[in-house]
Amino acid sequence: MTTVLPGHGPEAPGEAETEAFQAVFDAAVAADERIEPRDWMPDAYRATLVRQIAQHAHSEIIGMQPEANWISRAPSLRRKAILLAKVQDEAGHGLYLYSAAETLGTGRDELLDKLHTGRQKYSSIFNYPTLTWADVGAIGWLVDGAAITNQVPLCRCSYGPYARAMIRICKEESFHQRQGYELLLALSRGTEAQKAMAQDAVDRWWWPSLMMFGPPDDESAHSAQSMAWKIKRHSNDELRQRFVDICVPQAESLGLTLPDPELRWNEERGHHDFGPIDWSEFQQVLKGNGPCNEQRISQRRAAHENGAWVREAAAVYAGKHATEHTGARNGEAA
Ligand code: FAQ
């Protein structure tokens with residue numbers, strides 16, 4: 001957005017001023033301009049962005065756990081190197097996203113505290129276990145595939161820092177999706193036992209991947225407002241349908257079956273019809289009753305506590321470095 005709006009001065013804006021700011025904000029959104037951190041924005045817009053970006057960041061960070069479970073057991077050095085790099089990428093995504101949330105005035109410590117105390121969510125998908133090596137392929141193909149379908153439109157989100165973070169994230173997620181596809185293809189073309197392992201993983205990850213897109217549109221609390229603000233560009237059901245349509249031909253090329261007897265092309269709609277999603281399972285996972293909710297959050301808390309000394313050391317080092325620089329500028333010996 002080109003107009004830098006007031007509202008950062010010592011005095012809170014009056015009613016007439018707020019109306020004027022709101023009009024400029026609305027015009028910027030209507031014109032598809034970006035809202036930037038120093039621009040005035042409605043409190044509810046800011047709160048919605050913090051909620052979504054925080055949930056997204058937490059998903060990337062918690063999402064490292066299911067795949068990290070297989071790093072030490074990857075079947076070859078090549079597979080281990082690829083998986084290590086992928087899990088590191090997810091950490092990087094979490095950090096860009098916490099930084100995007102910081103531009104809205106919400107610190108990382110506060111967000112992590114909310115994650116650790118269950119006051120903020122992360123994606124339901126990461127509460128399922130990775131039982132076999134094929135699950136690493138299924139996560140790459142389906143979970144990263146669903147993430148890309150959801151996140152490519154977020155590159156056009158009205159809030160600048162979030163939109164820009166998504167560009168790099170989507171490039172990396174596309175690479176992740178391809179590595180998952182390639183892993184499953186290798187298994188599918190392998191022995192009977194390997195193919196069965198790949199099929200079993202797809203059977204377990206398919207429905208939870210469809211749930212990643214969120215509740216159906218008529219039960220989605222935030223979609224309408226988020227779409228009006230151009231934070232979200234498509235509804236949950238639109239993106240879920242897009243994902244199903246993308247996956248069907250890919251499953252055929254993989255030689256694997258999607259576990260839905262009702263899945264078929266609907267000529268009239270120009271889309272695939274698919275069977276009903278078990279939303280009671282989704283609600284249970286959101287309430288903390290999924291297969292791995294407790295494990296994920298307790299591992300995250302432990303990692304945070306075990307990393308306390310690193311944060312302390314980094315803060316002391318940064319403080320020392322800053323003093324040395326100030327000293328050097330003042331002509332003192334470092
Ligand atoms: N899980 O009104 P809506 C990844 C909540 S990153 C948990 O429709 P909204 C990378 C929702 O928060 C995956 N909670 O909400 C990777 C709300 O509750 P609240 C994460 C969910 O925000 C790959 C309530 O239900 N991606 O995979 C879920 O308009 C591999 C009502 O829902 C993002 O976060 C769910 N699935 O739409 C990493 C993308 N769905 O907040 C490692 C950005 C809904 O009022 C390995 N986020 N809820 O308490 C979004 O696009 C949106 O936030 C949606 C939900 C689409 C997720």
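One can find the structure itself at the top, above this paragraph.
Here we summarise the structure given alongside this text. What you are looking at is a predicted structure, and each value in this text was computed from that prediction instead of being measured.

### A few points about the overall build of the protein chain
The helix and strand tally for the protein chain stands at 13 helices and two strands. Counting over 334 residues, the protein chain shows a buried share of 47%. Contacts in the protein chain between residues at least 24 apart in sequence constitute 76% of all its contacts with a sequence separation of at least 6. Carbon and sulfur atoms make up 55% of the accessible area of the protein chain, which amounts to about 16,900 Å² in all. The positive charge centre, built from 35 side chains, and the negative charge centre, built from 45, are 6 Å apart in the protein chain.

### Quick notes on unusual backbone geometry
One non-glycine residue with positive phi stands out, namely D32, at about 65 degrees. Mapping D32 onto the fold places it in the loop between α1 (15-30) and α2 (43-62). With phi around 60 degrees, K230 is a residue other than glycine that occupies positive phi space.

### Points about the nonpolar core
Formed by 78 residues in total, the largest nonpolar core has its most connected members in Y45, L49, W141, Y159, Y162, W205 and L258. Excluding residues within four positions of it along the chain, L49 makes contact with A54, L104, C157, Y159, Y162 and I231.

### Section: the site of the ligand
In the vicinity of the ligand there are 36 residues, among which Q55, K121, S220, H222 and K232 approach most closely. S124 is positioned such that a nitrogen or oxygen atom in its backbone is 2.8 Å from a nitrogen atom of the ligand. M211 places a main-chain nitrogen or oxygen 3.5 Å from a nitrogen atom of the ligand. A total of 1,100 Å² of accessible area belongs to the ligand in isolation, and the protein chains cover 92% of it.

### Some points on the state of the cysteines
Evaluated as defined, the whole model comprises zero disulfides. The thiol of C247 is not disulfide-bonded; the next cysteine sulfur, from C170, is found 16 Å away.

### Overview of the environment of R108
Locating R108 in the fold gives a position in helix α5 (residues 108-116). Along the chain, R108 and T257 lie 149 residues apart, while their C-alpha atoms are 42 Å from each other. In this view, R108 contacts L95, Y98, S99 and E102; residues no more than four positions away in its chain are not counted.

### Side note on the packing of aromatic side chains
Enumeration over the complete set of coordinates arrives at nine aromatic pairs. Ring centres 5.4 Å apart and planes at 45 degrees place the aromatic pair F213 and F243 in the tilted group. Remark: F243 occurs in helix α10 (residues 236-254) and F213 occurs in the loop between α8 (192-211) and α9 (223-228); sequence separation between them is 30 residues. Both residues of the pair, F213 and F243, belong to the buried class. Feature note: the residues F21, F25, W40, Y45 and W229 constitute an aromatic cluster, connected by ring pairs.

### Focus: the pattern of salt bridges
Within this structure, the stated rule accounts for 15 salt bridges. Linking E67 and K86 is a salt bridge whose minimum nitrogen-to-oxygen distance equals 2.9 Å. In this pair, E67 is assigned in helix α3 (residues 64-68) and K86 in helix α4 (residues 77-102), connecting sequence segments 19 residues apart. Residues D273 and R269 are paired through a salt bridge, measuring 2.8 Å at the closest nitrogen-oxygen approach. Relative accessible area serves as the criterion here: at 26%, D273 is assigned to the partly exposed category.

### Thoughts on a negative patch on the surface
On the surface, a cluster of negative charge is made up of D217, D218, E219 and E238. Topologically, D218 is positioned in the loop between α8 and α9. Classification of D218 as exposed rests on a relative accessible area of 71%.

### A closer look at the packing of α2 against α5
Look at α2 against α5: their axes get within 11 Å of each other, and the N-to-C directions meet at 70 degrees. Considering their axes alone, α2 and α5 lie roughly perpendicular with respect to each other. Considering the relative orientation of α2 and α5, their crossing is right-handed. Residues V50, A54, H58 and I62 of α2 touch α5, and the partners they reach there are L111, L112 and L115. Its residues placed into classes, the contact of α2 with α5 shows six nonpolar, one polar and no charged.

The rules behind these values
- Residues numbered from 1 in each chain as written.
- Predicted model: local features only at pLDDT ≥ 70, side-chain atom pairs only at ≥ 80, totals over all residues.
- Heavy atoms only, no water.
- Helix = DSSP H or I, 4+ residues; strand = E, 2+ residues; numbered from the N terminus.
- Buried < 20%, exposed > 50% of the residue type's maximum accessible area, 1.4 Å probe, protein only.
- Contact = heavy atoms within 4.5 Å.
- Areas by Shrake-Rupley, 256 points an atom, 1.4 Å probe, with all protein chains shown as cover.
- Lys, Arg positive; Asp, Glu negative; His and termini not counted.
- Charge placed at Lys NZ, Arg CZ, Asp CG, Glu CD.
- Core = buried A, V, L, I, M, F, W, Y, C linked by side-chain atoms within 4.5 Å.
- Near = heavy atom within 4 Å.
- Polar contact = N/O pair within 3.5 Å; in protein donor to acceptor, adjacent residues only side chain to side chain.
- Disulfide = S-S within 2.5 Å.
- Phe/Tyr/Trp six-rings, centres within 6.5 Å; stacked < 30°, edge-to-face > 60°.
- Salt bridge = Lys/Arg side-chain N within 4 Å of Asp/Glu carboxyl O.
- Patch = residues over 30% accessible without salt bridge, like charges linked within 9 Å, V, L, I, M, F, W, Y side chains within 5 Å.
- Axes fitted to C-alpha atoms, helices over the stretch in contact; angles between N-to-C directions.
- Parallel < 35°, antiparallel > 145°, perpendicular 65-115°, else oblique.
- Left-handed = near helix turned anticlockwise from the far one by under 90°.
- Nonpolar A, V, L, I, M, F, W, Y, C, P; charged D, E, K, R; others polar.

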